[in-house]
Amino acid sequence: MLPENLTAVVARNESWTGTSASEPYEAGWAKEAIVFVRALKQPKGSLPKARIEISADGMHWCAEGSEFALPAAKDAVTFQRLAHFGNFVRVAATLPEGAEITVLVTLHLKA
Amino acid sequence: MTQLDDMRRAIREADPQLSRFDPLPRIICLDDFDRGMCGWTQLVGNYEDSLDAMLPGYAQHSQAMLSTLPNWDFGSHGGVDGSYALKIATRPKKGAQNVAIKRLTFRKPGPIRLEAYFTFKPEATDLQLSETDIRSFGFLYDLQIGDSSGPGDRVMPHLRFLNAQDGKHLQKWQFKRKTTPIKPIGNAGKTITHYHLAPDDWEDLPGGEQRLCYNEIPTKVNWHYLRFDFDLGSMQATRFQVNDRVFAMDGFDCIRIPAMKNLWCMLNLCFFAETDTDKRAFAYLDSVCLSGEF
């Protein structure tokens, strides 16, 4: 049987300001993931790096260590490859005052 | 019972996966989420030109998950059998909803039967029973007759278990026959929208009070059996059962709106969850069996 392969849109047209994150996504079945972030509108202000966070229970989060740029222009896309993320995964970012980005965040998971 | 019925029953009962269902003769799908998402996806709202055109009710929806029902205090719970169930999670905001959908069409306007094992819990952020944190769990069909079947309606039977509202533990089944006003989307004249899961206009199913098994700490769950029979010919519900209770459906009706020009023979099936507090509501399915008489 072909291995499980899933595209999950975990944030669609969400405007991130301040401390923001995608909703917790349970993906313990997957061995690997790629997270894509697309800017759906022209971002405003100085963009920080996004970080991957992981969790045992979807409530208590740790920085996984991966950081990657947020897309700097409308329709630009950035990504991060992931392995060994256990169960819950999310993308988080802490935006400074005046910064805003409207994101489409997708997880591409493979068993 | 004919000999064929007896033979069908014997074959079904020899198969542990099918034996826990009572399907009609043709199984349209048997979705055990140990085989992946089985065609269940998120219900995205209509839009044109910009996603900003999507109604907020739909914009809040996100993708369902393959879940082992993991808990911080005892680990994975697992499904009815196998490791995985489908998890529908709302956002952590009072009144938030989320929906998972499977989109099919039908080939005969006859009886169909939906059966599922379900359970629900709020996110265990408090070490309390939290039995009133979930507002509702429910399901719906989105149906439309075939293009040659003459004028007809788009018909949307909705049923929800209203567990709690504003902290009151209500525990009753409700249905809906009104949706929100239909709004055009964009300028091309091709798209319209309405939010059929709006919080207003739910009506109590007569005799629909039911106390379910809700286990004693915020993480334990028990699976419930659900069966809903519907006739695509008459577009009427014929039977509704949850666990040991069969509910009279005389007082039940559906949302009925004019047929749309591109949805012929549509057979969409949705499950949803709704939270009553600023805490995520989780609804779980394992598994879903849809069958028909054709």
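Residues numbered from 1 in each chain as written. Chains lettered and ligands numbered in written order. Predicted model: local features only at pLDDT ≥ 70, side-chain atom pairs only at ≥ 80, totals over all residues. Heavy atoms only, no water.

Draft legend 1. Region of the structure containing the environment of Ala 10 of chain B. Checked against the element boundaries, Ala 10 of chain B lands in helix α1 (residues 3–13). For Ala 10 of chain B and Leu 114 of chain B, which are 104 residues apart along the polypeptide, the C-alpha to C-alpha distance reads 21 Å. (Helix = DSSP H or I, 4+ residues; strand = E, 2+ residues; numbered from the N terminus.)

Draft legend 2. Representation of the side chain of Gln 144 of chain B in the model. All names here are of chain B. Within the secondary structure layout, Gln 144 lies in strand β9 (residues 134–144). With a relative accessible area of 0%, Gln 144 lands in the buried category. A polar atom in the side chain of Gln 144 sits 2.6 Å from the backbone oxygen of Met 260. Residues contacting Gln 144, with those up to four places away along its chain left out, are Phe 106, Asp 153, Arg 154, Met 235, Ala 259, Met 260, Leu 263, Trp 264, Cys 265 and Met 266. (Buried < 20%, exposed > 50% of the residue type's maximum accessible area, 1.4 Å probe, protein only. Polar contact = N/O pair within 3.5 Å; in protein donor to acceptor, adjacent residues only side chain to side chain. Contact = heavy atoms within 4.5 Å.)

Draft legend 3. The interface of chain B and chain A, seen in detail. Contacts between the two partners involve 30 residues from chain B and, on the opposite side, 20 residues from chain A. Between chain B and chain A, the buried area comes to about 1900 Å², and carbon and sulfur atoms account for 50% of it. The salt bridge involving Asp 52 of chain B is made with Lys 41 of chain A; its shortest N-O contact spans 2.9 Å. Here chain B and chain A share 12 residue pairs in polar contact (both at pLDDT 80 or more) between them. The set of elements that each furnish at least two residues to the side of chain B that touches chain A consists of α3 (56–59) and β3 (65–67) of chain B. (Buried area = accessible area lost by both parts, 1.4 Å probe. Salt bridge = Lys/Arg side-chain N within 4 Å of Asp/Glu carboxyl O.)

Draft legend 4. Broad picture of the confidence of the model for chain B. Taken as a whole, chain B shows an average pLDDT of 95; of its residues, 100% reach a score of 70 or greater. In the predicted assembly, ipTM is 0.96 and pTM is 0.96. (pLDDT = per-residue confidence, 0-100.)

Draft legend 5. Just empty space enclosed by the protein, in detail. In the structure shown here, the tally under the stated rule is 2 cavities of 30 Å³ or more. Roughly 300 Å³ of internal volume is contained in the largest cavity. As for the largest cavity, its lining consists of 29 residues, of which Phe 88 of chain A together with Lys 87, Glu 123, Phe 282 and Tyr 284 of chain B are closest to the centre. Taken together, the elements giving at least two residues each to the lining of the largest cavity come down to β4 (70–71), β6 (85–89), β8 (111–122) and β21 (281–292) of chain B. What lines the second largest cavity is Thr 119, Phe 120, Lys 121, Cys 213, Tyr 214, Asn 215, Lys 220, Val 221, Asn 222 and His 224 of chain B. Top contributing element to the lining of the second largest cavity by residue count: β8 of chain B, with 3 residues. A class-by-class count of the residues in the lining of the second largest cavity yields 4 nonpolar, 4 polar and 2 charged. (1 Å grid on protein atoms, 1.4 Å probe; cavity = no way out; pocket = protein on both sides within 12 Å on 5 of 7 lines; lining within 4 Å. Points joined across faces, edges and corners; volume = space filled by probe spheres on them. Nonpolar A, V, L, I, M, F, W, Y, C, P; charged D, E, K, R; others polar.)

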